[in-house]
Amino acid sequence: MLIAFTRAVLFTVILIAINIPVFGWDETGHKITSYIAWQRMTPEVRTQVIKILLDAPEDSQLGTFYMGYGSRTEETRKREYFMLTSTWADIVRDRNFDTRYKKYHKGNWHYDDTFWTMKDGQIAVLPHPEDGGRALERLNEYDKMIRGKASNAEKAIAIAWLQHLIGDLHQPLHTSARVTDLEPKGDQGGNLFLLTPQGTPRDKQENLHWFWDSIVMRNIPNSKNACDANYLDPLAESIMKSYPYTKMQAQLAPGQFEAWIKESLISAQTNVFSADLKRFEMPSEKYKKKALNVARERLALAGYRMGDLFNQAFTASP
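Model, not experiment: these values are computed from the prediction. (Residues numbered from 1 in each chain as written. Predicted model: local features only at pLDDT ≥ 70, side-chain atom pairs only at ≥ 80, totals over all residues. Heavy atoms only, no water.)

**Q** What is the right way to look at the pattern of salt bridges in this model?
**A** As a working rule, side chains carrying opposite charge can pair if their charged atoms are close by. Within this structure, the stated rule accounts for 18 salt bridges. A salt bridge links Glu 183 to Arg 279; its shortest N-O distance comes to 2.8 Å. You can see Glu 183 sitting in the loop between strand E3 (176-178) and helix H9 (208-213) and its partner Arg 279 sitting in the loop between helix H13 (257-272) and helix H14 (285-314), a full 96 residues away along the chain. Taking the relative accessible area as the measure of exposure, Glu 183 reaches 3% and is therefore buried. In this structure Arg 279 comes out as partly exposed when scored by relative accessible area, which is 21%. (Salt bridge = Lys/Arg side-chain N within 4 Å of Asp/Glu carboxyl O. Helix = DSSP H or I, 4+ residues; strand = E, 2+ residues; numbered from the N terminus. Buried < 20%, exposed > 50% of the residue type's maximum accessible area, 1.4 Å probe, protein only.)

**Q** Help me out: how do you make sense of helix H7 (residues 135-147) in this one?
**A** Since the α-helix turns once every 3.6 residues, residues separated by three or four places project in the same direction. Taking 1.5 Å of rise per residue, 13 residues should cover 18 Å, and H7 covers 18 Å from first to last C-alpha, within 8% of that figure. Of the residues making up H7, those classed as buried are Ala 135, Leu 136, Arg 138, Leu 139, Tyr 142, Asp 143 and Ile 146. The buried residues of H7 occupy an angular sector of 160 degrees when projected down its axis, which confines them to one face. Residues of H7 that are buried sit in contact with helix H8 (152-168), H13 and H14. (Expected span 1.5 Å × (residues − 1). Arc of directions from axis to C-beta. Contact = heavy atoms within 4.5 Å.)

**Q** Before we go on, may I ask you to explain the packing of aromatic side chains in this structure?
**A** For any pair of aromatic rings, the description rests on two quantities: the centre-to-centre distance and the angle between the ring planes. As enumerated under the stated definition, the model contains 15 aromatic pairs in all. Look at Trp 88 and Trp 161: their rings are 6.3 Å apart centre to centre, the planes differ by 85 degrees, and that puts the pair in the edge-to-face class. Residue Trp 88 is located in helix H5 (residues 88-91), and its partner Trp 161 is located in helix H8; the two are separated by 73 residues in the primary sequence. Residues Trp 88 and Trp 161 agree in their burial class; the two are buried. Each ring, one from Phe 211 and one from Tyr 287, has its centre 5.8 Å from the other, and the planes form 55 degrees; the classification is tilted. Here Tyr 287 lies in helix H14 and Phe 211 lies in helix H9, a separation of 76 residues in the sequence. Grouping aromatic residues by their ring pairs yields a cluster made of Trp 88, Tyr 104, Trp 109, Tyr 142 and Trp 161. A cation over an aromatic ring shows up here: Arg 100 above the ring of Phe 97, its NZ or CZ 4.4 Å from the ring centre. (Phe/Tyr/Trp six-rings, centres within 6.5 Å; stacked < 30°, edge-to-face > 60°. Lys NZ or Arg CZ within 6 Å of the ring centre and 35° of its normal.)

**Q** Please clarify how the confidence of the model for the protein chain should be interpreted in this entry.
**A** Where the model shows low pLDDT, its predicted coordinates should not be examined in detail. A residue-level look at the protein chain finds 92% of positions with pLDDT of 70 or above and a mean pLDDT of 92. Below pLDDT 50 for its whole length, residues 1-22 participates in 30 contacts with residues either more than four positions away or in separate chains. (pLDDT = per-residue confidence, 0-100.)

**Q** Hey, could you run me through the pairing of strand E2 (residues 122-125) in this one?
**A** Taken together, the four bridges between strand E1 (residues 114-119) and E2 define a ladder with antiparallel strand orientation. Bridging from a neighbouring strand, Lys 119 pairs with Gln 122 of E2. Where E1 folds back on E2, the antiparallel hairpin that results is connected by two residues, among which Asp 120 adopts a positive phi of roughly 55 degrees. (Pairing = 2+ DSSP bridges.)

**Q** I keep staring at the nonpolar core and nothing clicks. Help me out?
**A** Generally speaking, soluble globular proteins have nonpolar side chains that are buried together. Judged by nonpolar contacts, the single largest core of 46 residues is most densely connected at Phe 82, Trp 88, Ile 146, Phe 310 and Phe 314. Sorting the residues of this core by element identifies helix H2 (27-40), helix H3 (43-54), helix H4 (74-85), H5, H7, H8, H13 and H14 as the ones contributing at least two each. Tallying contributions element by element places H8 first for this core, with nine residues. In this structure, Phe 310 is in contact with Met 41, Val 45, Phe 82, Ile 146, Ile 159, Leu 162 and Gln 163, ignoring residues within four places of it in sequence. Counting residues in each nonpolar core, the second largest holds 38 residues, with Met 83, Ala 236, Tyr 243 and Val 272 among its members. (Core = buried A, V, L, I, M, F, W, Y, C linked by side-chain atoms within 4.5 Å.)

Spelled out as structure tokens, the structure:
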């Protein structure tokens, strides 16, 4: 009884910690991507991944996310745990958990920007600054780690980061830093591109990065405050139906992380910064509709790629 109560308290604390600003796809986007990945993973790989995640270092608090009791089936609990761990890299941004924050928060790991501008109507790539993000570096490092002889504790952190980074890098603005006269050092992935009128108080401003991060939840809100199983699972299933694996398989490019990033960058240059997008104005209904479809396809690709990556890494060779 005491153990159950303690775990319940811990989970409440975690839920409070989740309610902080997030970057990259919001919680909805990350969980949808991990749901899709889970559907691609074999039962054996699912079991192995969950076992490793539960061996995470105690100070990471990854293991406390798993609720090993309740009326749901064990399979459902494992899937929802896997979905939740995809948001861990954002959860650790919370400064109220000082030890966890200092050890695990890595702000420049969430993106890998190419700096570019429009010159004479053409896209021109600009020199890369000293630190334009380290997501590609971390993807390569953690991909090697989960396939090697690292401890389960190290692999647990790697899995959680891979879940998050694969999701982040499929949000087009996590690969793009557009340079303009107003943003000579880059627009910080659209964070400096305001959609609200000039002069709007800072606490009421809305920017392009926020628009893309939260696109699914804003278009299909959880108005009934349903649990993840009733809200997120149907959304993910709908995306998989619209973009089935068989339809997307030819463009998955397994393990080609640089190609994934370039693909997102092209989407940012063409779909995000389309001709009808205007600074200091909310996007048109046409733009919003197209953006939602782009985001749904990106979430599907991220999920399929993640699932296949874990299948390859954790399936024993014959």
